[in-house]
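Structural description and commentary
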Amino acid sequence: MPDSSGREMSNEAQNSSFKWYVVHTLSGHENKAKLLLEEHIRIEKQESHFGRILVPTENVAEVVAGKKRTSKRKFFPGYILVEMEMTQDSWHLVKDTDKITGFVGDSQKPRAMKPSEVNRILGQIEVGEKDVKPVSSFDAGQSVRIVEGPFVNFAGTIDEVKAEKRKLRVMVTIFGRSTPVEVDFMQVEKV
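Presented here is a report on the structure given in the accompanying data block. (Residues numbered from 1 in each chain as written. Predicted model: local features only at pLDDT ≥ 70, side-chain atom pairs only at ≥ 80, totals over all residues. Heavy atoms only, no water.)

In terms of helices and strands, the protein carries three helices and 12 strands. Burial statistics for the protein: of 191 residues in total, 37% are counted as buried. Accessible surface computed for the protein: about 11300 Å², of which carbon and sulfur atoms make up 49%. (Helix = DSSP H or I, 4+ residues; strand = E, 2+ residues; numbered from the N terminus. Buried < 20%, exposed > 50% of the residue type's maximum accessible area, 1.4 Å probe, protein only. Areas by Shrake-Rupley, 256 points an atom, 1.4 Å probe, with all protein chains shown as cover.)

Next up, the structure:
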């Protein structure tokens, strides 16, 4: 859990009784629920029972009005992940926090996440912070306008989508002839 300077506290590092739990929040209030839970933990002096509290996000980019815009997107809207030692007091502390509706699963005795699930999600968070994923999805036949590169301001039709490479083959008209041009997802916007 970050301290007031934003650094991670290390009390969770070696506590083997800590497990990860999925906590349901009011949709759209994940960050606020995280802050309220952290504050509640500090007020109740329960730091020794809690580790990290995460709102799983990834960086995404989209082209809006010809300009690239990068933002964070939650990939589990309505949920946060809490690393904690499950005790009667810690269970009540989480349940009694504003913007939190409860634990996922059995509300009286929630089950911890499997280590493989935790590793997959933590890996997904790490990759999501490093790689910027395009928000837009494209289909063959869609009309687009190129907003970056040597063919800027050319309009065309998507001929092929190479999703794994994040590339498009766009047919543009150059000197009266239809010509294929390969562009990155971030170099076009839908018309």
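This paragraph deals with the side chain of E30. Looking at the element boundaries, E30 is found in helix 1 (residues 30-43). For E30, a relative accessible area of 2% corresponds to the buried category. Engagement of the side chain of E30 in a polar contact is seen with the backbone nitrogen of G78, the distance being 2.4 Å. The contacts of E30, once residues within four sequence positions are left out, are T25, V55, K74, P77, G78, Y79 and I80. (Polar contact = N/O pair within 3.5 Å; in protein donor to acceptor, adjacent residues only side chain to side chain. Contact = heavy atoms within 4.5 Å.)

For the coordinates displayed, the defined rule picks out eight salt bridges. Note that R52 and E83 form a salt bridge whose closest N and O atoms lie 3.2 Å from each other. Here E83 lies in strand 5 (residues 79-84) and R52 lies in strand 2 (residues 50-54), a separation of 31 residues in the sequence. For R52, a relative accessible area of 27% puts it in the partly exposed group. (Salt bridge = Lys/Arg side-chain N within 4 Å of Asp/Glu carboxyl O.)

We now examine the sheet that holds strand 6 (residues 100-103). Ordered in space as 2-5-1-6, the four strands form an open sheet in which the pairing is antiparallel. Because the sheet does not close on itself, it has two edges, and the strands there are strand 2 and strand 6. Strand-to-strand, the axes of this sheet are offset by a mean angle of 30 degrees, without reference to chain direction. Of the strands in this sheet, strand 1 (19-25), strand 2, strand 5 and strand 6 are in contact with helix 2 (residues 88-95), which crosses strand 6 at around 145 degrees. (Pairing = 2+ DSSP bridges. Axes fitted to C-alpha atoms, helices over the stretch in contact; angles between N-to-C directions.)

Scanning the entire structure with this criterion turns up four aromatic pairs. Aromatic side chains F138 and F185 sit 5.1 Å apart centroid to centroid with 65 degrees between the ring planes, which places their arrangement in the edge-to-face category. Of the two residues, F138 is situated in the loop between strand 7 (132-134) and strand 8 (143-146) and F185 in the loop between strand 11 (177-184) and strand 12 (188-190); the sequence distance between them amounts to 47 residues. Neither F138 nor F185 differs from the other in exposure class; each is buried. With centroids separated by 5.8 Å and ring planes inclined at 85 degrees, the aromatic side chains of F151 and F154 adopt a geometry described as edge-to-face. On the basis of relative accessible area, F151 is assigned to the partly exposed category, the value being 27%. If you follow K190 out to its NZ or CZ, it ends over the ring of F138, 5.7 Å from the centre. (Phe/Tyr/Trp six-rings, centres within 6.5 Å; stacked < 30°, edge-to-face > 60°. Lys NZ or Arg CZ within 6 Å of the ring centre and 35° of its normal.)

Read these as spatial facts, not as claims about activity.
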